[in-house]
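# Architecture at a glance
This is what each chain is made of:
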Amino acid sequence: MRARARKLGYAIHKSRSRSIDEDNLGKYALVKEDSNYVVLGERFDASLEDIAKYLD
């Protein structure tokens, strides 16, 4: 999944937070590499399935 995202100009970031709160829900974020703009999962709330659907 990360390789596919990279080919399309995105990066997948995994939350490293040990505690879940309203700003970090502990999942993933999809970031446009050239602008560092979060396109999906701004609060680390995107699942891998959500990211796969977005990239298709």
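Everything below is about the structure shown above.
Residues numbered from 1 in each chain as written. Predicted model: local features only at pLDDT ≥ 70, side-chain atom pairs only at ≥ 80, totals over all residues. Heavy atoms only, no water.

## With respect to the overall build of the protein
Under the convention used in this document: Labels follow the DSSP assignment, with helices taken as runs of H or I lasting at least four residues and strands as runs of E lasting at least two, numbered in each case from the N terminus. Atoms counted for the radius of gyration: C-alpha only. Globule rule: 2.2 Å times residue count to the power 0.38. The cut-offs for exposure are 20% and 50% of the maximum accessible area for each residue type, with area from a 1.4 Å probe on protein chains only; residues under the lower value are buried, those over the upper are exposed, and the others partly exposed. Here the Shrake-Rupley method, with its probe set to 1.4 Å, supplies the accessible areas, and only the displayed protein chains count as covering residues. Only four residue types enter the charge count, namely Lys and Arg as positive and Asp and Glu as negative; His and the chain termini do not. A single reference atom marks each charge: NZ on Lys, CZ on Arg, CG on Asp, CD on Glu.
Looking only at helices and strands, the protein features two helices and three strands. The linear arrangement of helices and strands in the protein, starting from the amino end, is α-β-β-β-α. For a compact globule of 56 residues, the expected C-alpha radius of gyration is about 10 Å, and the protein comes in at 11 Å, within 12% of that figure. Seen along its three principal axes, the alpha-carbon backbone of the protein occupies a region of about 30 × 25 × 15 Å. By the burial criterion, 29% of the 56 residues in the protein qualify as buried. Summed over all atoms, the accessible surface of the protein reaches about 4,200 Å², with 46% contributed by carbon and sulfur. The centroid of the 11 positive side-chain charges in the protein is displaced by 8 Å from the centroid of its 10 negative side-chain charges.

## Looking at the sheet that holds strand β1 (residues 10-14)
Formally: A pair of strands is considered paired only if DSSP assigns at least 2 bridges between the two. Throughout, an axis means a line fitted to C-alpha atoms (over the contacting stretch in the case of helices), and angles, computed between N-to-C directions, take values from 0 to 180 degrees. Between two residues, a contact is recorded if the distance between any of their heavy atoms is within 4.5 Å.
Pairing is antiparallel in the open sheet, where three strands are placed in the order β1-β2-β3. Of all strands in the sheet, those with a lone pairing partner are β1 and β3 (37-40), marking the two edges. On average, adjacent strands in this sheet sit at an angle of 40 degrees to one another, irrespective of strand direction. Most of the contacts of helix α2 (residues 48-55) go to strand β2 (residues 28-32), to which it runs at about 30 degrees, and overall it touches β1, β2 and β3.

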